[in-house]
Amino acid sequence: MSYQLYRNTTLGNTLQESLDELIQYGQITPQLAIKVLLQFDRAINNALATRVKSRLTFKAGKLNTYRFCDNVWTFMLNDVEFREMNDFAKVDKVKIVACDGKNVAEETSQRR
């Protein structure tokens, strides 16, 4: 099973709105829309797990809260500094949701 985290991105929201519109006009069935969203979940998780090579580091002034539920870590951080090579950014608050990317990569390789 692929994580559905990326459905709340601009790309995911736009896809869902387009699918809803196609359903409304009778161009596709709701079942087909669900299949498209599931394929989107698999594709975006696979792309992020296998194609992204850039790395960044961060340092938080304070770990506000953390949670581990259903194999997903959630961290709420305050006063966070992000660094990537020569770039630097500082934010007051950030929420990090971390899932096991190995499961997604393994699932994709098993399907091939």
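Before reading further, recall that the structure is shown in the block above.
Parameters and conventions
- Residues numbered from 1 in each chain as written.
- Predicted model: local features only at pLDDT ≥ 70, side-chain atom pairs only at ≥ 80, totals over all residues.
- Heavy atoms only, no water.
- Phe/Tyr/Trp six-rings, centres within 6.5 Å; stacked < 30°, edge-to-face > 60°.
- Helix = DSSP H or I, 4+ residues; strand = E, 2+ residues; numbered from the N terminus.
- Buried < 20%, exposed > 50% of the residue type's maximum accessible area, 1.4 Å probe, protein only.
- Salt bridge = Lys/Arg side-chain N within 4 Å of Asp/Glu carboxyl O.
- Pairing = 2+ DSSP bridges.
- Axes fitted to C-alpha atoms, helices over the stretch in contact; angles between N-to-C directions.

Draft legend 1. Geometry of the packing of aromatic side chains. Applying the stated criterion across every chain, the model contains three aromatic pairs. Seen from their ring centres, Phe-58 and Phe-82 are 5.9 Å apart, and the 40 degrees between their planes marks the pair as tilted. One end of the pair, Phe-58, is in strand E1 (residues 57–69); the other, Phe-82, is in strand E2 (residues 72–84), and 24 residues separate them in sequence. The class of Phe-58 is partly exposed, set by a relative accessible area of 45%. Centroid distance Phe-68 to Trp-73: 4.7 Å. Interplanar angle 40 degrees. Geometry classified as tilted.

Draft legend 2. Just the environment of Ala-49, in detail. One can find Ala-49 in helix H2 (residues 30–50). The class for Ala-49 is partly exposed, based on a relative accessible area of 39%. The spacing of Ala-49 and Asp-100 is 51 residues in sequence and 9.7 Å in space, taken between C-alpha atoms.

Draft legend 3. Main features of the pattern of salt bridges. Here the structure, examined in full by the defined rule, presents three salt bridges. Residues Asp-41 and Arg-7 are paired through a salt bridge, measuring 2.5 Å at the closest nitrogen-oxygen approach. Of the two residues, Asp-41 sits in helix H2 while Arg-7 sits in the segment before helix H1 (10–24), which places them 34 residues apart along the sequence. For the pair Asp-41 and Arg-7, a shared accessibility class is recorded, and that class is buried. Where Glu-81 meets Lys-90, a salt bridge forms, and the shortest distance between an N and an O atom there is 4.0 Å.

Draft legend 4. Up close: the sheet that holds E1. In spatial order, the strands read E1-E2-E3; together these three strands make up an open sheet with antiparallel pairing. One side of each edge strand has no neighbouring strand; the edge strands of this open sheet are E1 and strand E3 (87–99). Direction aside, neighbouring strands of the sheet carry axes that sit 10 degrees apart on average. Pairing between E2 and E3: 12 bridges, direction antiparallel. Residue Met-76 lies in a different strand from E3, and its bridge partner there is Lys-95.

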